[in-house]
Amino acid sequence: MKTIIAAGIVGLAMSVSGLAFAEPVKIGMITTLSGGGAGLGIDVRDAFALAMKQANNPDVTVVTEDDAMKPEIAVQIADKMIQSDKVDILTGIIWSNLAMAVVPSATGQGIIYISPNAGPSPLAGANCNANYFNVAYQNDNFHEAMGEYANKDYKKVYILAPNYPAGKDSLTGFKRFYKGELAGEVYTQLGQTDYAAEIAQIRASGADSVFFFLPGGMGIAFTKQWAQSGVDLPLMGPAFSFSQDVLPAIGDAALGVKNSASWSPDLDNEANKAFVEAFQAEYGRLPSVYAAQSYDTANLILSAMGKAGVSDKDAFKAALKEADFASVRGSFKFNTNQHPIQNIYVREVVKEGDVLTNKIIDTAFENHEDAYAKDCKM
Amino acid sequence: MQTALLIEQILNGLQFGVMLFLMAAGLTLIFGVMGLINLAHGSLYMVGAFACATVAAATGSFWLGLVASLAAAAAAGALMEITVIRRLYERDHLDQVLATFALILVFSEGTRWIFGSIPLYLNIPPLLAGAIPLPGGSAYPLYRVAIIGVGIAVAIGLHLLITRTRLGMRIRAGESDREMIGALGVDIRTLYTVVFALGAALAGLAGAMVGALQSVQVGMGEPVLILAFVVIVIGGIGSIHGALVGALLVGLIDTLGRFLLPVALATFMGPSAAASIGASVASMLIYVFMALVLAIRPRGLFAAAG
């Protein structure tokens, strides 16, 4: 009897909240679906779609477009989505240079932007904005964790990243926590595919290890060429260099490499187990860290829709800020600059059967905050 | 500065240049003979890499993959020529650029449709997996030496083909006066298809060899295509010799620039700033060089006659 009454109350409460907030929400997703970075965008799109399918909420529509990894195209799509599609929320951008081109103008027009990946430092500090939420991380975070971890074993690290905003954030983040000496510091071109010149310099530098941030095809190329070069030094990097989207193409050359992330397929919590299982069932592959972040983004939006209507912008933003959803990363909350406070783990690439994947071996930071939050006056 | 490092970087520059030559040779040959700007040349490079990765994964042999890449790229090139390109010879360059750009989109989306967006796995053959010692105690990957070797062999082969064979004679004749050799009874249509397939096969070979170094993925051809155009503009459009010299110059300038500029800048600024500014300037170097060549010799270093 008790349970029936309880169920009745829950049902009543749900229908009431449903009545109060059954307001349609239109989400515009701008992400990279073609070219070298497409693997990342496709994981973001697919995980977002999975969360929406599971929620089965008829009030949400998602429009998706491909930015081809080009800032000017991302800006055009954003303008079109804001002006003619009349979206309430934008999301999806992978690359920080694209985020810097789109986010300030979109949030300036009163659109809520929720980032599933890119977290450039200017948007986290002095230029933070009440309309901008980042569910993923501030760019520096994963690299900071690897800098901290490198202190254990290494004294002379060679560091390498592409020459774009997230690359700068990467090496800055690493150096913020790493205390040893640097054997060298190199910025490569974004989209570069041949690293023979850099590998030769690393060989000659007398480094005891290498930290590199090269997402997508760049990381595949670097790691394969590294294995062929015969230089025998330990590699480490943020999860982007060894995420599930690139591991099959790198092959066994990636085995044993340490990398840092806020999430891993083996992270032990209920939401994550269900997510990894559902993603594999739906798409026949393991999710990447980008997929996990996008899945959280979708569930964050759904949680806020249950609390407030999107037409009341302030109430909706307050509901987003509560972050009242079951994150696949376990504990998750927003800092004052609306970037996450979360654990960052160290993972190792392992082989399970025939599949290369990551396993958590250590926790680098607990409830880590980014370095820019103090500059954010919101 | 260690000599060993410098030698290694020069070899890297040569290897990069040779790879660009394989792309640029086909591009410049097609432009020289047919007067056609083929933006879809990068797609043939991608076809070669995907064919090699697929066959190597199925049979376990990189060498069979390499053969497959030549065959697949030549076949794709011939098919492209017969169905689309043939209708473009009489049109102006704008129509050719539009149509071949459309071909890029068709090839990219078609490949994505068949293979998906996740990059494919292709590794170098075990036979070439080692490294050879360099003077000064350093080592250089054997596979990259093999690429340099293949590039030189292709350059010599092309030179002999064009100067010593009947086909080469027809190609040269086609470059200088296409109505005349048509009137002399040479089957121009077949000649064009053969030249196009030859250029395509060279691009496919480059794609397969580089695919083992980098990642085999949709869109891998376009960055190389831009560099190949820089090479043929520097070398002189239509000239195979120009393509060889241009490719080696671009390869060496790019590689040595990336290596030496940050070092040079670090003598008077902080290492972090030097790394960042050096990388930015190094990425512009080949375009600056191209602008210089165009200013001094507007038709390129080895401009074809006419």
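This structure is a prediction, so every number in the text was calculated from the model and none was measured.

(A) Expanded view of the overall build of chain A. Broken down by element type, chain A carries 13 helices and 13 strands. Computed over its C-alpha atoms, the radius of gyration of chain A comes to 21 Å, within 12% of the 21 Å expected for a compact globule of 378 residues. Its C-alpha atoms put chain A at 70 × 50 × 35 Å along the principal axes. Among the 378 residues that make up chain A, the fraction classed as buried is 59%. In chain A, the proportion of contacts linking residues at least 24 apart, taken out of those at least 6 apart, comes to 70%. Summing over all exposed atoms, chain A offers an accessible surface of approximately 13,300 Å²; the carbon and sulfur share of this is 54%.

(B) Spotlight on the sheet that holds strand β4 (residues 112-115) of chain A. Residue and element names in this part refer to chain A. Strand order across the open sheet formed by 5 strands is β2-β1-β3-β4-β5, with parallel pairing between neighbours. Of all the strands in the sheet, just β2 (60-66) and β5 (132-134) have a single pairing partner and so form its edges. Along the sheet, successive strands turn relative to each other by an average axial angle of 20°, direction set aside. Pairing analysis gives 3 bridges linking strand β3 (residues 89-91) to β4, with the strands arranged parallel. Bridging across to β4, Thr91 finds its partner in Ile114.

(C) Examining the state of the cysteines more closely. All names here are of chain A. This model, assessed by the stated rule, comprises 1 disulfide over all chains. A sulfur-sulfur distance of 2.0 Å marks the disulfide that ties Cys128 to Cys376. Of note, the bridge from Cys128 to Cys376 carries an S-S torsion of about 85° and is right-handed in sense. Taken as a pair, Cys128 in the loop between α5 (121-124) and β5 and Cys376 in the segment after β13 (355-368) lie far apart in primary sequence, 248 residues in all. The pair Cys128 / Cys376 is uniform in exposure class, with both members buried.

(D) A look at the packing of helix α8 (residues 196-205) of chain A against helix α1 (residues 3-34) of chain B. Between α8 of chain A and α1 of chain B, the shortest axis-to-axis distance is 9 Å and the interhelical angle comes to 170°. Judged by the angle between their axes, α8 of chain A and α1 of chain B are roughly antiparallel. Relative to α1 of chain B, α8 of chain A is oriented so that their crossing is right-handed. Contacts between α8 of chain A and α1 of chain B involve Ala196, Ala197, Ala200, Gln201, Arg203 and Ala204 of chain A from the former and Leu5, Glu8, Gln9 and Asn12 of chain B from the latter. Residues of the contact of α8 of chain A with α1 of chain B, tallied by class, amount to 5 nonpolar, 3 polar and 2 charged.

(E) Just the interface of chain A and chain B, in detail. Between chain A and chain B, the residue contacts involve 36 residues of the former and 38 residues of the latter. Note on chain A versus chain B: buried area summed over both sides is about 3,000 Å², and carbon and sulfur give 50% of it. At the boundary of chain A with chain B, the tally comes to 3 salt bridges. Note that Glu198 of chain A is salt-bridged to Arg258 of chain B, the shortest N-O span being 3.1 Å. Connecting chain A to chain B are 16 residue pairs in polar contact (both at pLDDT 80 or more). Of the residues contributing to the side of chain A that touches chain B, the split by class is 14 nonpolar, 14 polar and 8 charged.

(F) Structural context of helix α13 (residues 313-322) of chain A. All names here are of chain A. Taken residue by residue, α13 has Phe316, Lys317, Ala319 and Leu320 as its buried positions. Relative to the axis of α13, the buried residues are bounded by an arc of 155° and lie together on one face. Buried residues belonging to α13 abut β3, β4, β5, α12 (289-305) and β11 (333-334).

(G) Broad picture of the pairing of β13 of chain A. Residue and element names in this part refer to chain A. In terms of strand pairing, strand β12 (residues 340-352) meets β13 through 10 bridges, oriented antiparallel. Across the sheet, Tyr345 pairs through a bridge with Thr363, a residue of β13. What sits between β12 and β13 in their antiparallel hairpin is a turn of 2 residues, with Gly353 showing a positive phi close to 65°.

(H) Layout of the packing of helix α3 (residues 71-83) of chain A against helix α4 (residues 96-108) of chain A. Residue and element names in this part refer to chain A. Where α3 meets α4, the closest approach of the two axes is 8 Å, and the angle between their N-to-C directions is 30°. Classed by the angle they form, the pair α3 and α4 counts as roughly parallel. Crossing hand, α3 versus α4: right-handed. Of α4, the residues touching α3 (which contributes Pro71, Ala74, Val75, Ala78 and Ile82) are Asn97, Leu98, Ala101, Val102 and Ala106. Residues that form the contact of α3 with α4 fall into these classes: 9 nonpolar, 1 polar and no charged.

(I) Region of interest: the UniProt feature "transmembrane region" (unreviewed entry) in chain B. Residue and element names in this part refer to chain B. Per the UniProt entry, the sites bearing "transmembrane region" (unreviewed entry) are residues 16-37, 44-64, 70-89, 101-122, 142-162, 190-213, 225-252 and 273-296 in this numbering. End-to-end, the C-alpha atoms of residues 16-37 are 23 Å apart, and along that stretch the chain is 86% helix and 0% strand. Strand forms 0% of residues 273-296 and helix 100%; the C-alpha atoms that close the span are 33 Å apart.

(J) Highlighting unusual backbone geometry. All names here are of chain A. At Asn56, a residue that is not glycine, the phi angle is positive and equals roughly 50°. Along the polypeptide, Asn56 turns up in the loop between α2 (38-55) and β2. Residue Asn56 is classed as exposed on the basis of its relative accessible area of 63%. At Asn367, a residue that is not glycine, the phi angle is positive and equals roughly 45°. By the secondary structure assignment, Asn367 is in strand β13.

(K) Examining the nonpolar core more closely. Of all hydrophobic cores here, the largest spans 93 residues; its most connected members are Leu90, Ile114, Phe174 and Phe275 of chain A. Residue contributions to this core reach at least three from each of two domains, namely domain 1 (2-137 + 267-334) and domain 2 (140-261 + 344-375) of chain A. Once residues within four sequence positions are removed from consideration, Ile114 of chain A is found in contact with Ile89, Leu90, Thr91, Gly92, Phe133, Val135, Thr297, Leu300, Ile301 and Leu320 of chain A. By size, the runner-up hydrophobic cluster in this structure holds 83 residues, among which are Tyr45, Met80, Val186 and Val250 of chain B.

(L) Quick peek at a nonpolar patch on the surface. Residues and elements named next belong to chain B. A cluster of nonpolar side chains, contributed by Ile277, Val281, Met284, Val288 and Leu292, occupies part of the molecular surface with about 410 Å² of accessible area. With respect to the helices and strands, Val288 occurs in helix α11 (residues 271-296). A relative accessible area of 45% places Val288 in the partly exposed class.

(M) Fine view of the side chain of Thr31 of chain A. All names here are of chain A. With respect to the secondary-structure elements, Thr31 resides in strand β1 (residues 25-31). Relative accessible area serves as the criterion here: at 0%, Thr31 is assigned to the buried category. Residue contacts for Thr31: discarding those within four places in its chain leaves Gly41, Val44, Glu65, Asp66, Asp67, Gly92 and Ile94.

(N) Representation of the pattern of salt bridges within the structure. For the structure on display, the rule yields 24 salt bridges over all chains. Across the salt bridge formed by Lys80 of chain A and Glu65 of chain A, the nearest N and O atoms sit 2.4 Å from each other. Residue Lys80 of chain A is located in helix α3, and its partner Glu65 of chain A is located in strand β2; the two are separated by 15 residues in the primary sequence. Judged by relative accessible area, Glu65 of chain A falls into the partly exposed class, the value being 26%. Across the pair Glu8 of chain B and Arg203 of chain A runs a salt bridge whose closest N-O atoms are separated by 3.1 Å. Linking Glu8 of chain B in helix α1 with Arg203 of chain A in helix α8, this pair reaches from one chain into another. A relative accessible area of 3% places Glu8 of chain B in the buried class.

Calculation rules
Residues numbered from 1 in each chain as written. Chains lettered and ligands numbered in written order. Predicted model: local features only at pLDDT ≥ 70, side-chain atom pairs only at ≥ 80, totals over all residues. Heavy atoms only, no water. Helix = DSSP H or I, 4+ residues; strand = E, 2+ residues; numbered from the N terminus. Rg over C-alpha atoms; globule rule 2.2 N^0.38 Å. Buried < 20%, exposed > 50% of the residue type's maximum accessible area, 1.4 Å probe, protein only. Contact = heavy atoms within 4.5 Å. Areas by Shrake-Rupley, 256 points an atom, 1.4 Å probe, with all protein chains shown as cover. Pairing = 2+ DSSP bridges. Axes fitted to C-alpha atoms, helices over the stretch in contact; angles between N-to-C directions. Disulfide = S-S within 2.5 Å. Parallel < 35°, antiparallel > 145°, perpendicular 65-115°, else oblique. Left-handed = near helix turned anticlockwise from the far one by under 90°. Nonpolar A, V, L, I, M, F, W, Y, C, P; charged D, E, K, R; others polar. Buried area = accessible area lost by both parts, 1.4 Å probe. Salt bridge = Lys/Arg side-chain N within 4 Å of Asp/Glu carboxyl O. Polar contact = N/O pair within 3.5 Å; in protein donor to acceptor, adjacent residues only side chain to side chain. Arc of directions from axis to C-beta. UniProt positions renumbered as here; feature names shortened; annotations may be inferred. Core = buried A, V, L, I, M, F, W, Y, C linked by side-chain atoms within 4.5 Å. Domains from an automatic or database assignment. Patch = residues over 30% accessible without salt bridge, like charges linked within 9 Å, V, L, I, M, F, W, Y side chains within 5 Å.

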